[in-house]
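One letter stands for each residue in the lines below.
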Amino acid sequence: MGDHRRSLRPLRQLGHHVPRRQSRPLAKGDGTTTRPYRPGYELVAEQLLGYIAEQGLRPGARLPTEAGLAEILGTSRNVTREAVKVLAALGRLSVRRGAGIFVADSPGGLADDETGHFQPTSMEHVLMLLDYRSLIEAETARRAAGQAAPIEVRNIQKGAERSLDAGREGDADTFAVADQLFHNAVGIAAHNIFLRSSVTNVRRLAAQSDVLLFHGDTPGSLEVAGRQHVAIADAIAAGDADRAAALMTEHIATTRQQFERRIRDRLFSVGARAADPAASAAPDTTTGTDAVGATPEPTLPVTSAS
């Protein structure tokens, strides 16, 4: 299992005590741009996933206790506890009362070492995932345009129209439900269980990135995404396979741009905080992950404009 005492990067240097969603002005030429500070539990969750990958831990492997993980990661036990809760909600860890913390089995059957160690906040991993998603979902849309039954077309249109309505209202929660309905309906209409399974699994992984990178924010225009859904649905309804595939590719490209921007912002924020002695030296007086109290339960449906 490897040496559990091996230290990664001590997270105290990254200022995990900073309140959730708090922003501080960082000069970028005009002095008006602000970058968000990431919640402490999010930083620790990222480091914990890195630790699991580095140690080569497989599903079912037992992790050290919260106190042991806190020592390994160089952070507090309270922040570690919240990070474990988040990763358990995302399906990456399993916490068994009286037994301990374990690497969870993948609900999508992704048992391969590489995909099992997917890093939701890694630019490299996220971009590879979106590249794969573009290939899979474009082909799924192409096949749906040629094979969808009338009731399947109606389900696709229903999901698309609901996502557009939610996007116009700026209702991220309702959009997330409609977004999932739309993409699942396209997968079903392709009439290929392997394509459908691939779409489900890749979106499950994307949802992990969404929670850790966006945590409730709306990174892009939901209305634009809704309009893209409607255009794809119209192409499928018209039986235009090439157009449906092209529009789906464009849709995933929009999502890719959102993730790229957010990851760049994250890296900028971490770098700026490491250079700010005041941020890293301030005492951690909270009892949880940050100054606003307990960590909210993450919402698993994708809330980015996807």
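Peer 1: Give a description of the packing of helix α1 (residues 40–55) against helix α2 (residues 66–73) that names residues and reports values.
Peer 2: The contact between α1 and α2 brings their axes to 11 Å, and the two run at 90°. Classified by the angle between their axes, α1 and α2 sit roughly perpendicular to one another. Listed contacts from α2 to V44, Q47, L48 and Y51 of α1 are L69, I72 and L73. Considering only residue class, the contact of α1 with α2 consists of 6 nonpolar, 1 polar and no charged.

Peer 1: Could you give me a rundown of the packing of aromatic side chains, with the residues and numbers involved?
Peer 2: In total, this model carries 0 aromatic pairs according to the counting rule given. If you follow R96 out to its NZ or CZ, it ends over the ring of F102, 3.9 Å from the centre.

Peer 1: Tell me about the nonpolar core, and name the residues and values.
Peer 2: Among the nonpolar cores identified, the biggest contains 24 residues, and L48, Y51, L57, L63, L87 and L93 are the most heavily contacted of them. When residues of this core are traced back to their parent elements, those giving at least two are α1, α2, α3 (77–89), β4 (100–103) and α8 (193–214). It is α1 that contributes the most residues to this core, 7 residues altogether. Listed in part, the 17 residues of the second largest apolar core include A144, A160, V186 and I236.

Peer 1: So what's going on with the pairing of β4? Which residues, and what values?
Peer 2: Taken together, the 4 bridges between strand β3 (residues 93–96) and β4 define a ladder with antiparallel strand orientation. When the bridges of β4 are listed, R96 appears paired with G100. Turn length for the β3-β4 hairpin, with the two strands adjacent in sequence and antiparallel, is 3 residues, and the turn residue G98 shows positive phi of about 80°.

Peer 1: Give me the packing of helix α5 (residues 123–147) against α8: which residues, what numbers.
Peer 2: Any two packed helices are characterised by how steeply their axes cross, that is the angle between the axes, and by the distance between the axes. In the contact formed by α5 and α8, the axes pass within 10 Å of each other and the chain directions differ by 145°. As α5 packs across α8, the resulting crossing turns out to be left-handed. Note on element contacts: α8 touches α5 through L195, S198, V199, V202, R203, L205, A206 and S209, opposite V126, L129, Y132, R133, I136, E137, E139, T140 and R143. Of the residues belonging to the contact of α5 with α8, the class tally is 9 nonpolar, 3 polar and 5 charged.

Peer 1: Would you mind going over α3 in detail, with residue names and values included?
Peer 2: For α3, built from 13 residues, the straight-helix expectation of 18 Å at 1.5 Å per residue is met to within 8% by its first-to-last C-alpha distance of 18 Å. Its buried side turned inward, α3 meets α1, α2, β3, β4 and α8. G91 sits one or two positions beyond α3 and adopts a positive phi of about 85°.

The rules behind the values
- Residues numbered from 1 in each chain as written.
- Predicted model: local features only at pLDDT ≥ 70, side-chain atom pairs only at ≥ 80, totals over all residues.
- Heavy atoms only, no water.
- Axes fitted to C-alpha atoms, helices over the stretch in contact; angles between N-to-C directions.
- Helix = DSSP H or I, 4+ residues; strand = E, 2+ residues; numbered from the N terminus.
- Parallel < 35°, antiparallel > 145°, perpendicular 65-115°, else oblique.
- Contact = heavy atoms within 4.5 Å.
- Nonpolar A, V, L, I, M, F, W, Y, C, P; charged D, E, K, R; others polar.
- Phe/Tyr/Trp six-rings, centres within 6.5 Å; stacked < 30°, edge-to-face > 60°.
- Lys NZ or Arg CZ within 6 Å of the ring centre and 35° of its normal.
- Core = buried A, V, L, I, M, F, W, Y, C linked by side-chain atoms within 4.5 Å.
- Buried < 20%, exposed > 50% of the residue type's maximum accessible area, 1.4 Å probe, protein only.
- Pairing = 2+ DSSP bridges.
- Left-handed = near helix turned anticlockwise from the far one by under 90°.
- Expected span 1.5 Å × (residues − 1).

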